[in-house]
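# Architecture and fold: a report
Take a look at the letters that make up each chain.
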Amino acid sequence: MKIAVLTGAGVSAESGIKTFRDSDGLWEGHDVMEVASPEGFERNPKVVLDFYNQRRKQLLTVKPNAAHFALADLEKNHDVTIITQNVDDLHERAGSTNLIHLHGELLKVRSTFDEDLILDWKEDLNLGDFCENNHQLRPHIVWFGEMVPMIEVAADVVARADAVIIVGTSMQVYPAAGLVQYAKPDAHIYFVDPKPSISESKRITVFAEKASIGVPKVVELLK
Ligand code: APR
């Protein structure tokens, strides 16, 4: 069976990575547009680079949780594609192999000039350095107001899926939040979130619980 999985910050919450819109969201001490917009980067690259450097260092201290492992497990019996809004590498570290990072990856950087020039953000890489042709490096993150290059690929995956699993997203940020509209009429939708933003119906099963509890239940159902 083809399964499309759409994950948001909630799937990594129990690993210790804060979500964006819960009370003490990720942006603490920083106005979103200051650290997650091209204008903010233009205005003060050092604040932005330090912000992402902190988040990158935190990533080295957290681990995948039961939800990430259950989704990786699902690959054993099905054709699974994980479409994540998250920039962490927890799905990969849990063993998932087929991923689309809609909003970029924290462990990668790219040239501000040539967006196809993407490098691993290694320990010794100081983003203040200039890569060849003297172009400033920046985090490989899709900032507010920027295009989401992989959105068409992701929409195609959802349109072909026999089942769609949605985990830990407030469904507030487009175009990612609009992906569920591409699901086939006969594709069942499983929604896992302690504060679900969509309600149960004939084709939608809601698990109003944490990812580490709800996702293994969905995976068990689909095995
Ligand atoms: N398990 C499952 N879901 C959880 C958990 C948990 N333990 N804890 C919180 N949640 C849910 C919240 O109820 C909420 O619905 O996770 C969701 C998190 O929503 P957001 O903080 O809005 O995160 P997300 O939907 O991923 O944000 C989308 O917005 O800021 C931008 O680019 C950023 O990718 C991000 C995008």
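Residues numbered from 1 in each chain as written. Predicted model: local features only at pLDDT ≥ 70, side-chain atom pairs only at ≥ 80, totals over all residues. Heavy atoms only, no water.

### Concerning the sheet that holds strand 8 (residues 163–167)
Taken in spatial order, the six strands of this open sheet run 3-2-1-8-9-10, and their pairing is parallel. The open sheet has two edge strands with one neighbour each: strand 3 (99–101) and strand 10 (204–207). Here the strands of the sheet are splayed against their neighbours by 15 degrees on average, with no regard to which way each runs. With respect to the sheet, helix 5 (residues 66–74) is in contact with strand 1 (2–7), strand 2 (79–84) and strand 8, its orientation differing from that of strand 1 by roughly 160 degrees. (Pairing = 2+ DSSP bridges. Helix = DSSP H or I, 4+ residues; strand = E, 2+ residues; numbered from the N terminus. Axes fitted to C-alpha atoms, helices over the stretch in contact; angles between N-to-C directions. Contact = heavy atoms within 4.5 Å.)

### Digging into helix 7 (residues 151–160)
Among the residues of helix 7, I151, A154, A155, V157 and V158 are the ones counted as buried. Across the axial projection of helix 7, the buried residues extend over an arc of 160 degrees, all falling on one side. Buried positions along helix 7 lie against strand 1, strand 2, strand 3 and strand 8. (Buried < 20%, exposed > 50% of the residue type's maximum accessible area, 1.4 Å probe, protein only. Arc of directions from axis to C-beta.)

### Examining the pattern of salt bridges
Pairing between side chains becomes possible if they bear opposite charge and their charged atoms approach one another. Under the definition given, this model contains 11 salt bridges. The shortest N-O distance in the salt bridge between K184 and D162 comes to 3.1 Å. Here K184 is found in the loop between strand 8 and strand 9 (188–192), whereas its partner D162 is found in the loop between helix 7 and strand 8, with 22 residues between them in sequence. Its relative accessible area of 25% is what places K184 among the partly exposed residues. The closest approach of N and O atoms between E220 and K223, which form a salt bridge, is 3.8 Å. Residue classification places E220 among the exposed residues on the basis of a relative accessible area of 52%. Sharing partners across several salt bridges, the network here consists of D73, K76, E220 and K223. (Salt bridge = Lys/Arg side-chain N within 4 Å of Asp/Glu carboxyl O.)

### With respect to the UniProt feature "active site" (unreviewed entry) in the chain
As recorded in UniProt, the sites labelled "active site" (unreviewed entry) are H103. Tracing the backbone shows H103 in the loop between strand 3 and strand 4 (104–111). Among residues more than four places away in sequence, those in contact with H103 are T84, Q85, V87, H140, I141, V142, V173 and A176. (UniProt positions renumbered as here; feature names shortened; annotations may be inferred.)

### Observations concerning unusual backbone geometry
Residue P175 follows Y174 across a cis peptide bond; omega there is 5 degrees. Mapped onto the elements of the fold, P175 is located in the loop between strand 8 and strand 9. Its identity as a non-glycine residue notwithstanding, M171 has a phi of 55 degrees, on the positive side. Within the element layout of this structure, M171 appears in the loop between strand 8 and strand 9. Judged by relative accessible area, M171 falls into the buried class, the value being 16%.

### What to know about the site of the ligand
Every one of the 22 residues lining the ligand counts as a neighbour, but F20, R21, T169, S170 and D193 are closest to it. Within the backbone of A9, an N or O atom sits 2.8 Å from an oxygen atom of the ligand. G168 is positioned such that a nitrogen or oxygen atom in its backbone is 3.3 Å from an oxygen atom of the ligand. Notes on the ligand: free accessible area 730 Å², of which the protein chains cover 92%. When its residues are assigned to classes, the shell around the ligand shows eight nonpolar, eight polar and six charged. (Near = heavy atom within 4 Å. Polar contact = N/O pair within 3.5 Å; in protein donor to acceptor, adjacent residues only side chain to side chain. Areas by Shrake-Rupley, 256 points an atom, 1.4 Å probe, with all protein chains shown as cover. Nonpolar A, V, L, I, M, F, W, Y, C, P; charged D, E, K, R; others polar.)

### Considerations on the packing of aromatic side chains
What the rule picks out here adds up to three aromatic pairs. With a centroid separation of 5.1 Å and 85 degrees between ring planes, the pair formed by F51 and Y52 is classed as edge-to-face. Overall, Y52 belongs to the buried group, its relative accessible area being 1%. Here the aromatic rings of Y52 and W143 are separated by 6.2 Å at their centres, their planes lie at 40 degrees, and the arrangement is tilted. In this pair, Y52 sits in helix 4 (residues 45–59) while W143 sits in the loop between strand 7 (135–141) and helix 7, placing the two residues 91 residues apart along the sequence. In this structure, Y52 and W143 share a single accessibility class: buried. (Phe/Tyr/Trp six-rings, centres within 6.5 Å; stacked < 30°, edge-to-face > 60°.)

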